[in-house]
Amino acid sequence: MAPPAQLLAAVILLLSLYIGLDPFHHSTIHDFPDFVAFPVEVPSSDLVPVAKDAENLLTRSEILFRDQLQGPESVTFDYNGKGPYTGVADGRVMVRDGTEWKEFAVSSPNRYQKTTPTFSMAHPARFLAALILLVSLYIGLDPLHYSTIHNFPDFVSFPVEVPSSKLVPDDKDAGNLLRRSEIMFRDQLQGPESVAFDYNGKGPYTGVADGRVMVRDGAEWKEFAVTSAYRSELCNYKPNPRSYMPNEHICGRPLGLRFDKNTGNMYIADAYFGLLKVGPEGGLATQLTAEAEGVPIRFANDLDIDNQGNVYFSDSSTIYQRRNFMQLVFSGDPSGRVLKYDPVTKQTTVIARNIQFPNGVTLSKDGSFLVFAEGPVGRLNRHWLKGEKAGTTELFAILPGHPDNVRTSEAGTFWVAIHCRRHWYSAYISTHPLLRHLIMKLPIPSFYQYIAYIGGRLQAMVAEYSPQGELIRVLEDIEGKVVRAVSEVDEHEGKLWMGSVLMNFIAVYDLGSS
């Protein structure tokens, strides 16, 4: 059904409900619950006289006593010729006595009793009740199909385990040091999420919104690899990264990128095509896995590779794809997984499950454990790969915001791209899943839902953590004046290279300027 027809249907529905319920009590008969309408015996038009006064003779009448009387319906004279007498709107009968009007009679015995004006909250309360009713009906019926979840009849909101505000770091970058970053390649790239350099120092490489992996070759960007064999004109240039989302499942969307130092191969986590590999010469990447333990990978996100060639990567949801990002965030869907691909057996196993939007993945410098980010909760988790705790997962760090990718530095510290700081609104709705569900049913575009969730504006924040999970420092552009929406931060030769899935540039911050 077309939107105009939906609108008409919704108007008719709401009008019918209003007529049936009369929520404002503003109708003519709201004080008459027993009101009945009877038929009226109207004479045939053939019997109705049609005589007319062609000259409109009443226009010659004299107008008397203007503004001296209100609503003088009946006019009479007594048998002594005194008058006229007339009843008026304020309840009195008046008589003309010479040149003035005087009160002659009143009909109400209560006329001269004193009354005190009262103020009633009935109408505001009725209005509020009616408004709540209509909003509730709209939310329940979604008649215009404009809500963010109208195509998701099985949408469920889950509670999010938000850490106590007392445990959340309040460290700030008072100098907003990220504003010193150099903005590179503006308008040459759309949505460069992950930034990588090969082991020969060539790069940067980055995956962009149109589904390609690009490499900087001298003074220009060149196509290095693609993840989809189904690319078409649908993947051609569009004005901003979000414009590509409806066709990402066709064009591909490379997110996390890593190089295997032993082979030089690039491994790619593509949101739609799972885990892929491409050789040093590039080209069409080969799909390695698209399922784990019989469950399809719906949203491959980030990855890392150990010295034996095992690939650890995140599947952010087994229900929602990347193009349903807002539905995933607002649902708190706990179906996310961290997976391991074994290149020898070619088997993919689940090493951590029931995670709410697992995102960035990185190995510790010594390979003893894996750190992965959990977005809605705002924390880093540590999964032990070696030692007495091998196979167990524990809290590594509570973050000041919602994380994206994580990368290990040469020094063994962890750089976390934080999409936005925690905000009271996101914290509140995270712990109130029913409210979150109701908000998603409102006719508010998902982009504005997202802006409200992140606190009203895009910002930039990265944080460095020690191998023990202690916060070392925070770098920010809290108002997003220069850098915004950082998806990944990779330390390379003394500089932080920052990609963004939403922006059209790469930001580079010189650590020597801190």
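Placed above this text is the structure.
What you are looking at is a predicted structure, and each value in this text was computed from that prediction instead of being measured.

(A) The arrangement of the overall build of the protein chain in detail. When helices and strands are tallied, the protein chain shows 7 helices and 31 strands. Over its C-alpha trace the protein chain gives a radius of gyration of 36 Å, far above what one expects of a compact globule, namely 24 Å for 514 residues. With the C-alpha coordinates of the protein chain rotated into their principal frame, the extents come out at 125 × 55 × 45 Å. Across the 514 residues of the protein chain, 46% fall into the buried class. Split by element, the accessible area of the protein chain, about 27,500 Å² in all, is 56% carbon and sulfur. Taken together, the 48 basic and 58 acidic charged side chains of the protein chain have centroids lying 3 Å from each other.

(B) Representation of the environment of Gln-321 within the structure. Looking at where Gln-321 falls in the secondary structure, it is placed in the loop between strand 18 (311-315) and helix 4 (325-331). Residue classification places Gln-321 among the buried residues on the basis of a relative accessible area of 14%.

(C) Region of the structure containing empty space enclosed by the protein. Under the defined criterion, the tally for this structure stands at 2 cavities of 30 Å³ or more. Estimated volume of the largest cavity: approximately 40 Å³. Together, Val-162, Pro-376, His-402, Arg-422, Ser-426, Ala-427 and Ser-430 line the largest cavity. Broken down by element, the lining of the largest cavity gets its largest block of residues, 3 residues, from helix 5 (residues 424-430). Looking at the lining of the largest cavity residue by residue, the classes come out as 3 nonpolar, 3 polar and 1 charged. Quantified by volume, the second largest cavity comes out at close to 30 Å³.

(D) Representation of the packing of aromatic side chains in the model. Applying the stated criterion across every chain, the model contains 19 aromatic pairs. Pairwise contacts between aromatic rings join Phe-299, Phe-325, Phe-357, Phe-447, Tyr-448 and Tyr-450 into one cluster. Here the guanidinium or amino end of Arg-382 rests over the ring plane of Phe-369, the centre of that ring lying 5.0 Å away.

(E) Local environment of the nonpolar core. By size, the foremost hydrophobic cluster in this structure holds 35 residues, and its most contacted members are Phe-224, Met-266, Ile-268 and Phe-330. Looking at which element gives the most residues to this core, the answer is helix 4, with 4 residues. Those residues in contact with Met-266, other than ones at most four positions away along the chain, are Tyr-205, Val-213, Phe-224, Leu-257, Arg-258, Phe-259, Leu-276, Lys-277 and Val-278. Residues Leu-178, Val-462, Val-489 and Phe-505 belong to the second largest nonpolar core, which totals 17 residues.

(F) Structural view of the pattern of salt bridges. Applying the stated criterion across every chain yields a total of 24 salt bridges. The residue Glu-103 makes a salt bridge to Arg-92 at a minimum N-O spacing of 3.6 Å. In this pair, Glu-103 is assigned in strand 4 (residues 100-106) and Arg-92 in strand 3 (residues 92-97), connecting sequence segments 11 residues apart. Residue classification places Glu-103 among the partly exposed positions, given a relative accessible area of 42%. Under the relative-accessibility criterion, Arg-92 is labelled partly exposed at 23%. In this structure, Glu-248 and Arg-253 form a salt bridge, with 4.0 Å as the shortest nitrogen-oxygen distance.

(G) Broad picture of the side chain of Arg-216. Locating Arg-216 in the fold gives a position in strand 8 (residues 212-217). Although Arg-216 is buried, it forms no salt bridge, and the closest oppositely charged side chain is Glu-220 at an N-O distance of 7.8 Å. Polar side-chain contacts of Arg-216 include one of 3.1 Å to the backbone oxygen of Ala-219. Look past the residues within four positions of Arg-216 in its chain and what remains in contact with it is Phe-185, Gln-188, Gly-203, Pro-204 and Trp-221.

(H) Highlighting unusual backbone geometry. Between Gly-83 and the following residue, Pro-84, the backbone shows a cis peptide bond with an omega angle of 5°. Tracing the backbone through its elements, the reader meets Pro-84 in the loop between strand 1 (75-76) and strand 2 (85-87). Here the bond from Gly-203 into Pro-204 is cis, since omega is 5°, no more than 30 degrees from zero. Inspection of the secondary structure puts Pro-204 in the loop between strand 6 (195-196) and strand 7 (205-207). At Phe-357, a position not held by glycine, the phi torsion is positive, near 55°. Looking at the element boundaries, Phe-357 is found in the loop between strand 20 (347-355) and strand 21 (358-363).

Cut-offs applied
Residues numbered from 1 in each chain as written. Predicted model: local features only at pLDDT ≥ 70, side-chain atom pairs only at ≥ 80, totals over all residues. Heavy atoms only, no water. Helix = DSSP H or I, 4+ residues; strand = E, 2+ residues; numbered from the N terminus. Rg over C-alpha atoms; globule rule 2.2 N^0.38 Å. Buried < 20%, exposed > 50% of the residue type's maximum accessible area, 1.4 Å probe, protein only. Areas by Shrake-Rupley, 256 points an atom, 1.4 Å probe, with all protein chains shown as cover. Lys, Arg positive; Asp, Glu negative; His and termini not counted. Charge placed at Lys NZ, Arg CZ, Asp CG, Glu CD. 1 Å grid on protein atoms, 1.4 Å probe; cavity = no way out; pocket = protein on both sides within 12 Å on 5 of 7 lines; lining within 4 Å. Points joined across faces, edges and corners; volume = space filled by probe spheres on them. Nonpolar A, V, L, I, M, F, W, Y, C, P; charged D, E, K, R; others polar. Phe/Tyr/Trp six-rings, centres within 6.5 Å; stacked < 30°, edge-to-face > 60°. Lys NZ or Arg CZ within 6 Å of the ring centre and 35° of its normal. Core = buried A, V, L, I, M, F, W, Y, C linked by side-chain atoms within 4.5 Å. Contact = heavy atoms within 4.5 Å. Salt bridge = Lys/Arg side-chain N within 4 Å of Asp/Glu carboxyl O. Polar contact = N/O pair within 3.5 Å; in protein donor to acceptor, adjacent residues only side chain to side chain.

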